[in-house]
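Descriptive structure summary
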Amino acid sequence: MASRPAWTVKNGKVNCAYFEFSWNGGFAVVQKQKNISALHEQIQIKYGEKALEVSSKSTEALGRQIGAFHLKRKGVYIENIFQAAKKYENGGPFLDMLEMMPKEAKRDERHHNSGKLVSFVLEDVEWPLEPMTAFYDYIYIMALKEHYGETLDLGEYHWFTDIEFNPKKSVNCQARSAAIYQLLREMKCFDRVEDMQNWIAFHRTYVCG
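So, here's what we can say about the structure. (Residues numbered from 1 in each chain as written. Predicted model: local features only at pLDDT ≥ 70, side-chain atom pairs only at ≥ 80, totals over all residues. Heavy atoms only, no water.)

1. Some details on the overall build of the protein chain
Secondary structure summary: the protein chain contains 8 helices and 10 strands in total. For the protein chain, the C-alpha radius of gyration of 17 Å lies close to 17 Å, the compact-globule estimate for 209 residues. Along the three orthogonal principal directions, the C-alpha set of the protein chain runs to about 50 × 40 × 25 Å. Looking at the 209 residues of the protein chain, the share that counts as buried comes to 49%. By element, 49% of the accessible surface of the protein chain is carried by carbon and sulfur atoms, the whole surface being about 10500 Å². Distance between charge centroids for the protein chain: 4 Å, based on 27 positive and 27 negative side chains. (Helix = DSSP H or I, 4+ residues; strand = E, 2+ residues; numbered from the N terminus. Rg over C-alpha atoms; globule rule 2.2 N^0.38 Å. Buried < 20%, exposed > 50% of the residue type's maximum accessible area, 1.4 Å probe, protein only. Areas by Shrake-Rupley, 256 points an atom, 1.4 Å probe, with all protein chains shown as cover. Lys, Arg positive; Asp, Glu negative; His and termini not counted. Charge placed at Lys NZ, Arg CZ, Asp CG, Glu CD.)

2. Brief notes about the pairing of strand S7 (residues 117-122)
Here strand S6 (residues 86-88) runs beside S7; their pairing, made up of 3 bridges, is antiparallel. Following the sheet pairing, Tyr88 is matched in S7 by Leu117. The pairing of S7 with strand S8 (residues 125-127) spans 3 bridges and is classified as antiparallel. Note that in S8 the partner of Phe120 across the bridge is Trp127. (Pairing = 2+ DSSP bridges.)

3. Topic: the layout of surface pockets
Volume-wise, the largest pocket comes out at about 1400 Å³. What lines the largest pocket is a set of 39 residues, and nearest its centre among them are Lys106, Glu164, Phe165, Ser170 and Asn172. Elements that contribute at least two residues to the lining of the largest pocket include exactly helix H1 (29-47), helix H3 (78-84), S6, helix H4 (102-106), helix H5 (110-113) and S7. With 3 residues, the top contributor of residues to the lining of the largest pocket is H3. Approximately 210 Å³ is the volume found for the second largest pocket. (1 Å grid on protein atoms, 1.4 Å probe; cavity = no way out; pocket = protein on both sides within 12 Å on 5 of 7 lines; lining within 4 Å. Points joined across faces, edges and corners; volume = space filled by probe spheres on them.)

4. Topic: the side chain of Thr161
Relative to the elements of secondary structure, Thr161 occurs in strand S9 (residues 159-161). Relative accessible area serves as the criterion here: at 0%, Thr161 is assigned to the buried category. Contact partners of Thr161, with chain neighbours within four places excluded, come to Pro5, Ala6, Leu39, His40, Ile43, Leu52, Glu53, Val54 and Ala175. (Contact = heavy atoms within 4.5 Å.)

5. A few points about the pairing of strand S1 (residues 2-10)
Counting buried positions over the 9 residues of S1 gives 7, a clear majority of the element. Judged from the 9 bridges that link them, S1 and strand S2 (residues 13-21) form a sheet pairing that is antiparallel. When the sheet's bridge partners are listed, Ala6 is paired in S2 with Ala17. Turn length for the S1-S2 hairpin, with the two strands adjacent in sequence and antiparallel, is 2 residues, and the turn residue Asn11 shows positive phi of about 55 degrees. Direction of pairing for S1 relative to S9: antiparallel, over a ladder of 2 bridges. Bridge assignment links Thr8 to a residue of S9, and that residue is Trp159.

6. Topic: the sheet that holds S7
Backbone-to-backbone hydrogen bonds join strands into a sheet, with any given pair of strands oriented parallel or antiparallel. Read from one edge to the other, the open sheet built from 3 strands follows the order S6-S7-S8, with strand pairing classed as antiparallel. Each end of this open sheet is capped by a strand with a single partner; those strands are S6 and S8. Ignoring which end each strand starts from, the neighbouring axes of this sheet average 40 degrees apart. (Axes fitted to C-alpha atoms, helices over the stretch in contact; angles between N-to-C directions.)

7. Remarks on the pattern of salt bridges
Under the definition given, this model contains 12 salt bridges. Lys10 serves as the salt-bridge partner of Glu49, at 2.7 Å between the closest nitrogen and oxygen. Of this pair, Glu49 sits in the loop between H1 and strand S3 (51-53) while Lys10 sits in strand S1, placing them 39 residues apart in sequence. Of the residues examined, Glu49 reaches a relative accessible area of 16% and is grouped as buried. Of the charged contacts, one joins Glu126 and Lys87 as a salt bridge, the two residues approaching to 3.4 Å between their closest N and O atoms. With Glu126 in strand S8 and Lys87 in strand S6, this pair connects stretches of sequence that are 39 residues apart. Take Glu126: its relative accessible area is 41%, and that puts it in the partly exposed class. (Salt bridge = Lys/Arg side-chain N within 4 Å of Asp/Glu carboxyl O.)

Structure follows, in structure tokens:
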């Protein structure tokens, strides 16, 4: 058995819940898609609601198109922007990571030998580490806005998942970010993402998990 999170917009906030399902081992895409189906089935059983897998493994074109390894902001993959923005005690931000392949930037050894992560720096603006996912969510949402404006309606889906995300190993998740985009759309308050302090205040109030 495995337990994985999913995010939903409920009562005017982004909420997270965990679901247990039978895990299918293996690295093949077909195995991962079996896990997606099993996870979504548990969501359907418990809530009777539809879920969207947001990743390159999604069986739906929309889920793949809004995945973090597909989306770009100003011509750069958002994974590269996130990795390049990291500022450590002994180095960074490492802007050369903007030119790498996303997986290469994520695995760069400097993430492991530059000391403690202290902040993120993007376009000369320094972002704090708290709330923990606010910076990543910001990059993701700005990329979605660049491609879709404020018109992308994810409302037919009540839950968002990312089968590759393991909360024991990672913090940021594109499924959470997609849910936040939908909340911003429903609240008609995309202006909150334009200013760092306003965004942080919004994130602290409306993102629960």
